[in-house]
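Fold and contact review
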Amino acid sequence: MLKRLQVVWPQTAILILSTVVGTAIASRLLPLNGLFGQTISPSTNQQIQRTNTDSSVDIENPASWQTNPGLSQTIGQWEQEIESQMLNWPSPKRFQGKIFKEVKLKDNRKVFALTFDDGPQLHTTAQILDILKRNKVKGTFFIIGRNLKAYPQVGQRIVAEGHAIANHTWSHSYRKFSGPGAAREIDDTTALIYKITGMKTDLFRPPGGFLGNGPAGYAKGKNYAVVMWSADSNDWKRLSAHALVNNITSQAGPGGIALMHDGGGDRSATVKALPYIIANLKKRGYEFVTVPELLDLAERQHRAQPAVKSKPVKPAADRSTPKKK
Ligand SMILES: [Zn+2]
């Protein structure tokens, strides 16, 4: 857990937070003395005490922290921030370098991931973000690097509002790439996402779903999780909003991943359909998760019972006719 943070967070932040927050998380997830197999050192205790203004809180007894609203609130906020960082990067090892279209959970829990490709766009992405916010739903945005360069503030809003942001190449071309060309498509996009949003991503979705023209192969080799989909809105076909709602809701299942678009053309039907898609699935008992959350849930269940398996897809069958995705 802390190893991940050390890469993402500046060292100074680690120094301050690793003692207090690390202990707080450890106390929740493990017996207090279980982290790193050692007891809390006196220096750790001192740092906690400096943060803690309420002398009634017993450092050795995490349960008592709950009775100190100020401290537990602060720790709660830090935990949330760390959680959101951790949930985006890196993906659990089992998913790195793998291609999947859905991730069934062991308990067949009704979780579902909405994903939006080809943005950010100035207006459509904002409309979709508004709808997600209104419905308290988090999604995953597979962005095109050159679009993020054009609309960095939209990319920042995606992340600020708690959504996941992921790689959909720099140029969204279906052509065959050379090795260095494919590398640039992936690396430049991931680097820009980090530069603009502070988020690292190792999630990749190939434009058009093509797995054989270079970028997907490069991404796999670099241990990206290659995220396909199990419910296709087909919104690129300019269908009616009604048809889009039907396409997603009829294909939705536990652990499913929906494909929609916030970029690449007129997406007014997608914007119109989205509230109905959300309402339908909520009514059927689904909870919405980002792709990183979905992988994290699967990983937790896998650790609890190693027999759990995700459902990989075979490197499919590149489509004979290029599709706009
Ligand atoms: Zn696309």
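Residues numbered from 1 in each chain as written. Predicted model: local features only at pLDDT ≥ 70, side-chain atom pairs only at ≥ 80, totals over all residues. Heavy atoms only, no water.

Section: the nonpolar core
Soluble globular proteins: nonpolar side chains tend toward being buried together. As a reminder, the rule being used: Throughout, nonpolar core names a set of buried Ala, Val, Leu, Ile, Met, Phe, Trp, Tyr and Cys residues whose side chains join them through atoms within 4.5 Å. Three labels apply to residues, based on accessible area from a 1.4 Å probe with only protein chains included: buried if under 20% of the type maximum, exposed if over 50%, partly exposed otherwise in between. Helix and strand assignments follow DSSP, with helices taken as H or I runs no shorter than four residues and strands as E runs no shorter than two, numbered in order from the N terminus. Residue contacts are counted whenever heavy atoms from the two residues lie within 4.5 Å of one another.
Core analysis: the biggest nonpolar cluster contains 35 residues, and Phe112, Leu114, Leu132 and Leu274 have the highest contact counts within it. Elements that contribute at least two residues to this core include exactly β2 (111–117), α5 (123–134), β3 (140–143), α7 (152–160), α8 (179–197), α10 (241–251), β8 (256–261) and α11 (268–283). A per-element tally of this core places α11 first, with seven residues. Leaving out residues up to four positions away in the same chain, leucine 132 has contacts with Leu114, Phe116, Val137, Gly139, Phe141, His163, Leu274 and Ile278. Listed in part, the 33 residues of the second largest apolar core include Ala166, Ile186, Phe204 and Leu295.

Looking at the pairing of strand β4 (residues 164–167)
Here is the rule we go by: Only when DSSP finds a minimum of two bridges between them are two strands counted as paired.
On β4, burial covers both faces: Ala164 and Ala166 on one face and Ile165 and Asn167 on the other are all buried. Pairing geometry for β3 and β4, over four bridges, is parallel. Each residue of the ladder has a partner; that of isoleucine 143, found in β4, is asparagine 167.

Some remarks on the packing of α10 against α11
Threshold: Between the N-to-C directions of two axes lies an angle of 0 to 180 degrees, each axis being a line fitted to C-alpha atoms and, for a helix, fitted only over the stretch in contact. These descriptions rest on fixed angle ranges, namely under 35 degrees for roughly parallel, over 145 for roughly antiparallel, 65 to 115 for roughly perpendicular, and the rest for oblique. A clockwise turn of the near helix away from the far one marks a right-handed crossing, whereas an anticlockwise turn of less than a right angle marks a left-handed crossing. Three categories are distinguished: nonpolar for Ala, Val, Leu, Ile, Met, Phe, Trp, Tyr, Cys and Pro, charged for Asp, Glu, Lys and Arg, and polar for the others, with Gly belonging to the last.
Remark: α10 packs on α11, axes separated minimally by 8 Å, with the N-to-C direction vectors making an angle of 40°. When the axis of α10 is compared with that of α11, the two are oblique. Crossing of α10 over α11 shows right-handed handedness. When α10 is examined against α11, the residues Ala241, Leu244, Val245, Ile248 and Thr249 are found in contact with a partner set consisting of Ala269, Thr270, Lys272, Ala273, Tyr276, Ile277 and Asn280. A per-class count over the contact of α10 with α11 returns eight nonpolar, three polar and one charged.

Description of α11
Rules: Helix span is expected to be 1.5 Å times the residue number reduced by one. Note that the bend at a residue is defined as the angle between axes fitted to the seven residues ending at it and the seven residues starting at it.
An ideal rise of 1.5 Å per residue puts 22 Å on 16 residues; α11 measures up with 24 Å between its terminal C-alpha atoms. Largest kink in α11: about 30°, centred on leucine 274, with the proline proline 275 one to four residues after it. Three or more residues of α11 are buried, namely Ala269, Thr270, Val271, Ala273, Leu274, Ile277, Ile278 and Leu281. Buried residues along α11 sit against β2, α5, α10, β8 and β9 (287–288). One or two residues past the end of α11 sits glycine 285, with phi positive at roughly 90°.

Overview of the pattern of salt bridges
Selection criterion: The term salt bridge refers to a side-chain nitrogen of Lys or Arg lying within 4 Å of a carboxyl oxygen of Asp or Glu.
Going through the model one piece at a time under the given rule, you end up with eight salt bridges. Between glutamate 299 and arginine 94 there is a salt bridge; the shortest N-O distance is 3.2 Å. Within this pair, whereas glutamate 299 is found in helix α12 (residues 291–304), its partner arginine 94 is found in the loop between α4 (69–86) and β1 (99–102), the two being separated by 205 residues in sequence. For glutamate 299, a relative accessible area of 11% translates into the label buried. Close ionic contact of aspartate 117 with arginine 205 constitutes a salt bridge, the shortest N to O distance being 2.8 Å. Of this pair, aspartate 117 sits in strand β2 while arginine 205 sits in the loop between β5 (203–204) and α9 (215–221); the two residues are 88 residues apart in sequence, bridging distant segments of the chain. Within the structure, one salt-bridge network assembled from shared partners comprises Asp130, Lys133, Arg157 and Glu161.

Comments concerning α12
For α12, spanning 14 residues, the distance from its first C-alpha to its last is 20 Å, which sits close to the expected 20 Å at 1.5 Å a residue. Burial in α12 covers these residues: Val291, Pro292, Leu294, Leu295, Asp296, Leu297, Ala298, Glu299, Gln301 and His302.

Describing the side chain of aspartate 235
Filter applied, for reference: Only four residue types enter the charge count, namely Lys and Arg as positive and Asp and Glu as negative; His and the chain termini do not. Distance and chemistry together define a polar contact, namely a pair of N or O atoms within 3.5 Å, with one atom able to donate a hydrogen and the other to accept it when in protein, and with adjacent residues in sequence counting only for side-chain atoms on both sides.
You can see aspartate 235 is positioned in the loop between β7 (231–232) and α10. Despite being buried, aspartate 235 has no salt bridge partner; arginine 267 is the closest side chain of opposite charge, sitting 4.9 Å away. A distance of 2.6 Å separates a polar atom in the side chain of aspartate 235 from a polar atom in the side chain of histidine 261.

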